[in-house]
Amino acid sequence: MNSIKSNFFSKRCVQVAFGVVLTACSILSIAEEAPAKLHEILPDLEVWSTDQALIDAVRQQNSEGLTLATIQERDAVWRATSGVDDFMAELMSSAVAKHMLTLEQSKPYFVEFFLMDNQGANVAMTNKTSDYWQGDEEKFTESFKGGAGNTYMSDVKFDESSQAYLVQVSIPIMDGDKAIGAMTIGVNLDEL
């Protein structure tokens, strides 16, 4: 009996190890191919960042003068809320959010799209984000760049909710030569 158990566990260990090696090879392959494929779609995403509806929505929220303390209070409530509350639903159902959803649905490899103000607070989104305030994350800090603006691509990450390898591409929302906010688009590399 012990030899049967030992043989079973040995085979199972080999299967698990083989699965880990295949997963690692898959991640490396995706990570190597991703930059070239992402650079092909980047011009289309940069056009989105000049969309007047997005610019107007960011300008509107910036004009409200939200304090960082207020944003962080909203962020704490957001992170503690399971599901979608009225405030989150509003950010997903506004006219600009519906417009963003149309853009997102233009290609099968876009899986999320959210818009941020000049402090990194959400303005609109197509799906609920894990938090309200992105201002302390590279997706915002590297794309907003203190108002200078810069395109930023995250590392390849496996997303549990979509069961796919994703990269977030973040692009500044410019008003003339100054960044007034940023947008982030999730790209499903398995579909790209």
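Everything below is about the structure shown above.
*Asks:* How should the overall build of the protein be read in this particular structure?
*Replies:* A count of helices and strands for the protein gives six helices and six strands. Shown N-terminal to C-terminal, the secondary structure of the protein runs as helices and strands in the order α-α-α-α-α-β-β-α-β-β-β-β. Residue burial in the protein is summarised as follows: out of 192 residues, 39% are buried. Carbon and sulfur atoms make up 54% of the accessible area of the protein, which amounts to about 10500 Å² in all.

*Asks:* Is there a simple way to explain the pattern of salt bridges in this structure?
*Replies:* A side chain with one charge can pair with a side chain of the opposite charge if their charged atoms come near. Summed over all chains, the structure comprises five salt bridges. With its nearest N and O atoms 3.4 Å apart, the salt bridge here joins Arg59 to Asp56. With Arg59 and Asp56 both in helix 2 (residues 52-63) and three residues apart, this pair spans about one turn of that helix. Under the relative-accessibility criterion, Arg59 is labelled partly exposed at 37%. In this structure Asp56 comes out as partly exposed when scored by relative accessible area, which is 37%. Within this structure, Asp56, Arg59 and Asp175 form a network of salt bridges that share partners.

*Asks:* Can you help me understand the nonpolar core in this one?
*Replies:* Generally speaking, nonpolar side chains in soluble globular proteins are found buried as a group. Leu115, Met183 and Val187 are the most contacted members of the largest nonpolar core, which totals 29 residues. Breaking this core down by element, the ones donating at least two residues are helix 1 (2-48), helix 2, helix 5 (95-104), strand 1 (110-116), strand 2 (122-125), strand 5 (164-175) and strand 6 (178-188). Once residues within four sequence positions are removed from consideration, Val187 is found in contact with Leu38, Ile41, Tyr109, Phe110, Val111, Tyr165, Leu166, Val167, Val169 and Leu192.

*Asks:* Help me understand the packing of aromatic side chains in this model?
*Replies:* Ring pairs (aromatic) are described by centroid distance and by the angle formed between their planes. This structure, assessed with the given rule, holds eight aromatic pairs. Each residue in the set Trp48, Tyr109, Phe110 and Phe113 is aromatic and connected to the rest through ring pairs, giving one cluster.

*Asks:* Looking at this structure, I do not really get the side chain of Asp117. What am I missing?
*Replies:* Within the element layout of this structure, Asp117 appears in the loop between strand 1 and strand 2. The charged side chain of Asp117 is buried without a salt bridge, its nearest counter-charge being Arg74 at 7.4 Å. At a separation of 2.8 Å, a polar atom in the side chain of Asp117 contacts the main-chain amide nitrogen of Gln119. Not counting chain neighbours up to four residues away, the residues in contact with Asp117 comprise Val58, Gln61, Asn62, Leu66, Val123, Phe140, Ile180, Gly181 and Ala182.

*Asks:* I would appreciate a short explanation of the packing of helix 4 (residues 86-93) against helix 5 in the present structure.
*Replies:* The axes of two packed helices give the description: the angle between them and the distance between them. Close contact between helix 4 and helix 5 brings their axes to 5 Å; oriented N to C, the two are set at 55°. In terms of their interaxial angle, helix 4 and helix 5 are classed as oblique. Together, Leu91, Met92 and Ser93 of helix 4 and Ala95, Ala97 and Lys98 of helix 5 make up the contact between the two elements. Class assignment of the residues belonging to the contact of helix 4 with helix 5 gives a composition of four nonpolar, one polar and one charged.

*Asks:* Help me out: how do you make sense of helix 2 in this one?
*Replies:* What sets the pattern is the α-helix's 3.6 residues per turn: residues three or four places apart point alike. For helix 2, spanning 12 residues, the distance from its first C-alpha to its last is 16 Å, which sits close to the expected 16 Å at 1.5 Å a residue. Along helix 2, the positions that sit buried rather than exposed are Leu54, Ile55, Ala57, Val58 and Gln61. In a view along the axis of helix 2, the buried residues occupy a sector of 165°, so they form one face of it. Its side-chain oxygen at 2.9 Å from the backbone nitrogen of Ala53, Asp51 defines the N-terminal cap of helix 2.

*Asks:* I'm lost on helix 3 (residues 68-80) in this one. Help?
*Replies:* For helix 3, built from 13 residues, the straight-helix expectation of 18 Å at 1.5 Å per residue is met to within 8% by its first-to-last C-alpha distance of 18 Å. Among the structural elements, helix 4 and strand 2 are those in contact with the buried residues of helix 3.

*Asks:* Teacher, can you tell me more about the side chain of Thr184 here?
*Replies:* Of note, Thr184 is situated in strand 6. Looking at Thr184, its side chain comes within polar contact range of the side chain of Ser170, at 2.8 Å. In contact with Thr184, not counting residues within four places along its chain, are Glu112, Phe113, Phe114, Met116, Lys139, Gln168, Val169 and Ser170.

*Asks:* Looking at this structure, how should I read the environment of Asp75?
*Replies:* Residue position: Asp75 is located in helix 3. Spatially, the C-alpha atom of Asp75 lies 8.6 Å from that of Ala121, the residues being 46 residues apart in sequence.

Cut-offs used in this document
Residues numbered from 1 in each chain as written. Predicted model: local features only at pLDDT ≥ 70, side-chain atom pairs only at ≥ 80, totals over all residues. Heavy atoms only, no water. Helix = DSSP H or I, 4+ residues; strand = E, 2+ residues; numbered from the N terminus. Buried < 20%, exposed > 50% of the residue type's maximum accessible area, 1.4 Å probe, protein only. Areas by Shrake-Rupley, 256 points an atom, 1.4 Å probe, with all protein chains shown as cover. Salt bridge = Lys/Arg side-chain N within 4 Å of Asp/Glu carboxyl O. Core = buried A, V, L, I, M, F, W, Y, C linked by side-chain atoms within 4.5 Å. Contact = heavy atoms within 4.5 Å. Phe/Tyr/Trp six-rings, centres within 6.5 Å; stacked < 30°, edge-to-face > 60°. Lys, Arg positive; Asp, Glu negative; His and termini not counted. Polar contact = N/O pair within 3.5 Å; in protein donor to acceptor, adjacent residues only side chain to side chain. Axes fitted to C-alpha atoms, helices over the stretch in contact; angles between N-to-C directions. Parallel < 35°, antiparallel > 145°, perpendicular 65-115°, else oblique. Nonpolar A, V, L, I, M, F, W, Y, C, P; charged D, E, K, R; others polar. Expected span 1.5 Å × (residues − 1). Arc of directions from axis to C-beta.

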